[in-house]
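Okay, here's what each chain looks like letter by letter:
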Amino acid sequence: MSSSSTTRSASWMPTANLIIVGLGILMMGSPASCMDVLVTQQLNALNGTLVKLSCTFTSCYKVDPSKFAMNWTYQEAQNDTEELFMTYKHRMTTQKTERFGDRVLFAGNLDKNDVSVTISDIQLADNGIYNCYVRNPPDRQQGHGVIKLSVLTELPPPRDSTIAVAIGASVGGILALLILSMVVVKCIRRQQKQEPLSDEQKTDEEGKTDGEGGAEEGTKHVYSLPEDKY
C-alpha cells in the first residue's frame, strides 16, 4: 500500500468513529416503548352504588390477544400488599376474592385499548388504591395506572352560589348608584348654568326696554309729515 493510501485511510478514521458514536447515541436515546396508561387518579363513589374504574392505554402496536397481558390489583394503602382481582392472559379471568366476591365485571374493550372494570354495590371497605397494569408486546415497558377510590356515605352538597350572587348584586347596586349620582350632578350643573334672571336683573332689563320704547315713539313724532296748510 502506498503512503498516500495510508494517509487517506488515516484521515477517514476520525469521521467513521464519529458516525459510529452518533448512531450509538441515537439508539440509546430512542424510546423503547410508547406505552401510556390513562386513568382517573382520584375517584369518589357513593356507598352502595356501581362504580366504574376506567383504564385505557395507548400503544405503538396493535393489541395481539395472544401476547397481551393485564392485571387489576387492590391495596388498602400505598405500602400494603397488592391483591389481584382480575387478570388477562389469553382470556379474561375474574379472581373471586373474599373482598369483592362476584361484584367485579370487565367493562372494557381490547379492540379500543380499554380495560376498564366495574364494581357493584361498592362498600366502605372498598376504600383504597386500585392498580391497572398493562403489557402489550412488542412494547417492552409495562404500563401502570393508579386510582385512589374514596367511598362516601353521602355525596357532598353542591356549592352554594348565594354568596356569589349577593356579592354580585351588591357590586352592581354600587355601580348603579355611582352612575345615578354622576347623572344627577351633571343635571344640577346644567340647571345652574341655565338659571333664570334674578328680580333685580329683571327690573333693569324692563327699564331698558321701556326707555328704548319711548325713544322710538319720540322719533316717530319728529319724523311725522306736516299737516297740509292748504
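Cut-offs used in this document
- Residues numbered from 1 in each chain as written.
- Predicted model: local features only at pLDDT ≥ 70, side-chain atom pairs only at ≥ 80, totals over all residues.
- Heavy atoms only, no water.
- Salt bridge = Lys/Arg side-chain N within 4 Å of Asp/Glu carboxyl O.
- Helix = DSSP H or I, 4+ residues; strand = E, 2+ residues; numbered from the N terminus.
- Buried < 20%, exposed > 50% of the residue type's maximum accessible area, 1.4 Å probe, protein only.
- Pairing = 2+ DSSP bridges.
- Axes fitted to C-alpha atoms, helices over the stretch in contact; angles between N-to-C directions.
- Patch = residues over 30% accessible without salt bridge, like charges linked within 9 Å, V, L, I, M, F, W, Y side chains within 5 Å.
- Areas by Shrake-Rupley, 256 points an atom, 1.4 Å probe, with all protein chains shown as cover.
- pLDDT = per-residue confidence, 0-100.
- Contact = heavy atoms within 4.5 Å.

K.L.:
Tell me about the pattern of salt bridges, residues and numbers included.
P.N.:
In the structure shown here, the tally under the stated rule is four salt bridges. Here R99 and E83 are joined by a salt bridge, their closest N and O atoms 3.5 Å apart. You can see R99 sitting in the loop between β7 (92-94) and β8 (104-106) and its partner E83 sitting in strand β6 (residues 83-89), a full 16 residues away along the chain. With relative accessibility at 25%, the residue E83 sits in the partly exposed group. One salt-bridge network, in which partners are shared between bridges, spans E76, E83 and R99.

K.L.:
Before we move on, can you summarise unusual backbone geometry with the specific residues and values?
P.N.:
In the segment running from P137 into P138, the intervening peptide bond is cis, with an omega of 15 degrees. With respect to the element layout, P138 can be found in the loop between β10 (128-135) and β11 (143-152). Positioned with a positive phi, H90 is a non-glycine residue whose angle comes to about 75 degrees. Counting through the fold element by element, H90 comes out in the loop between β6 and β7. At D121, a position not held by glycine, the phi torsion is positive, near 50 degrees. Tracing the backbone through its elements, the reader meets D121 in the loop between β9 (117-119) and β10.

K.L.:
Mind laying out the sheet that holds β9, listing which residues take part and the relevant values?
P.N.:
With respect to topology, three strands assemble into an open sheet ordered β3-β9-β8, the strand pairing being antiparallel. Each end of this open sheet is capped by a strand with a single partner; those strands are β3 (51-53) and β8. Neighbour-to-neighbour, the strand axes of the sheet open up by a mean angle of 25 degrees, direction not taken into account. Summarising the sheet, β8 and β9 pair through three bridges and their orientation is antiparallel. Within β9, the position partnered with L105 by the bridge is T118.

K.L.:
I'd love a proper account of a nonpolar patch on the surface, names of residues and values included.
P.N.:
A contiguous nonpolar surface patch, about 300 Å² in accessible area, is contributed by I174, L175 and L178. Along the chain, L175 turns up in helix α2 (residues 162-193). The exposure class assigned to L175 is partly exposed, which follows from its relative accessible area of 48%.

K.L.:
Give me the confidence of the model for the protein chain: which residues, what numbers.
P.N.:
Taken over all residues, the pLDDT of the protein chain has a mean of 76, while the share at 70 or more is 58%. Below a pLDDT of 50 lies the segment residues 3-16, which in the model reaches one contact outside its immediate sequence neighbourhood of four places, other chains included.

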